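Letter by letter, the chains look like this.
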Amino acid sequence: SISRGVDRRGRRVKKGRVIIIAAEGGGGYPKRIAAYCQQHMIEASELAIGVITAAPNFLETSEIEQVVASIVGAGGADLVIVDTFAQVTPGANENAGEDMGLALSHARGLRAATGAMCLLIHHAGKDASKGARGWSGIKAACDVEIEISRDEEANTREMRLTKAKDGEDGLRWGFKLNVVTLGLDADGDAITSCVVAETDLPATKLSDKDRKAAKKIGRVEAHILDTIELIDARTTSMNLPEFVNQCVAGMPA
């Protein structure tokens, strides 16, 4: 939608060039793009999308510089999608602020050098209710977080806006993946891929305990929690006025 500049789910979309760093499953992206084009009856040339089928190390400044050079050489970008964050941080300790902080710093550097938004695809932990796996500061460092979950029984998925630094969070959309046949391989077997189709939201399943515990976190409350996470872990105390000032300083006027 971004590469074509077409509205999505009733939301205005600004046209922009998209670069995908396919560090995981890069071989499947051409088929995904072909399936999208077939579904929407367009030519691939109408999509302003570039794919980097490599896994640059986001812990190494030199490799980020190479990515920047590749993006600039390809005509620049407005959105860079990194698939996945784990694949571009090889050997890193996901629970360590030092490693994750460095990788996020390089992601910000990528944004500063290209002007593009850097969107990191990351996995949830074993307990999905706790959000993205690893260091808690990852969410605090993000401007936006979108969570994807799947209802195994109904085979539908939900996209939920779990953080929007300067906007409304808590928005939800339903979707599913439809299989598209692209042709036949040399053995006569079908070559397939998937396209996204809009659906109604999956029914929310809450236990009695969950219902009692459910509480809407407001934008200000979320900002206060994010501010707490951003404070240096070595800080053992802080007086209340100082903390209030720090919260206010990070809020829109």
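Let me sum up the structure you'll find in this document. Each chain has its residues counted from 1, following the order in which its sequence is written. Totals for whole chains, interfaces and linings use all residues, but because this is a predicted model, local features are given only for residues with pLDDT of at least 70 and pairs of side-chain atoms are given and counted only at 80 or more. The basis for the side-chain values is all heavy atoms of the structure; hydrogens and waters are excluded.

Cysteine sulfurs are considered disulfide-paired once they come within 2.5 Å of each other. Per the counting criterion, the structure on display carries zero disulfides. You can see Cys142 has no disulfide; the closest cysteine sulfur is in Cys118, sitting 9.6 Å from it. Cys194 takes part in no disulfide bond, and the closest cysteine sulfur to it belongs to Cys37, at a distance of 15 Å. The rule is simple: take the accessible area with a 1.4 Å probe, protein chains only, and divide by the maximum for that residue type; under 20% is buried, over 50% is exposed, in between is partly exposed. A relative accessible area of 22% means that Cys194 is categorised as partly exposed.

Our next topic: the side chain of Glu94. Put simply, DSSP marks the helices as runs of H or I at least four residues long and the strands as runs of E at least two long, and each gets a number from the N terminus on. Tracing the chain through its elements places Glu94 in the loop between strand S3 (79-83) and helix H3 (97-114). Judged by its relative accessible area of 19%, Glu94 is buried. By the criterion applied in these results, polar contacts are pairs of N or O atoms within 3.5 Å in which, for protein atoms, one can donate a hydrogen and the other can accept it, and in which residues neighboring in sequence qualify only through two side-chain atoms. Of note is the side chain of Glu94, whose polar atom sits 2.8 Å from the side chain of Arg133.

Between any two strands, pairing holds if DSSP finds at least two bridges. The strand order across the open sheet built from four strands is S2-S1-S3-S4, with neighbouring strands paired in parallel fashion. The open sheet has two edge strands, strand S2 (49-52) and strand S4 (117-121), and neither has a second partner. Taken pair by pair, the neighbouring strands of this sheet meet at an average axis angle of 20°, ignoring direction. The pairing of strand S1 (residues 18-22) with S3 spans five bridges and is parallel. If you follow Ala22 over to S3, its bridge partner there is Asp83. Working rule for contacts: check all heavy atoms of both residues, and any pair within 4.5 Å makes them a contact. The axes used here are C-alpha line fits, helices contributing only the stretch in contact, and every angle between their N-to-C directions lies in the interval 0 to 180 degrees. The strands touched by helix H1 (residues 29-40) within the sheet are S1, S2 and S3, with S2 carrying the most contacts at an inclination of about 165°.

On to H1. Under the 1.5 Å per step criterion, the end-to-end length of H1 is 17 Å for twelve residues, consistent within 8% with the ideal 16 Å. On its buried side, H1 packs onto S1, S2, S3, strand S7 (172-184) and strand S8 (190-199). Expected span, for any helix, means 1.5 Å times one less than how many residues it has.

Okay, unusual backbone geometry next. For residues other than glycine, phi is negative in most cases, and the peptide bonds are mostly trans. For the bond from Asp83 to Thr84, the omega torsion is 5°, close enough to zero to count as cis. Along the chain, the position of Thr84 falls in the loop between S3 and H3. One non-glycine residue with positive phi stands out, namely Arg9, at about 55°. Position of Arg9 among the secondary structure elements: in the segment before S1. Although it is not a glycine, Met41 adopts a positive phi angle of roughly 55°. Positionally, Met41 belongs in the loop between H1 and S2.

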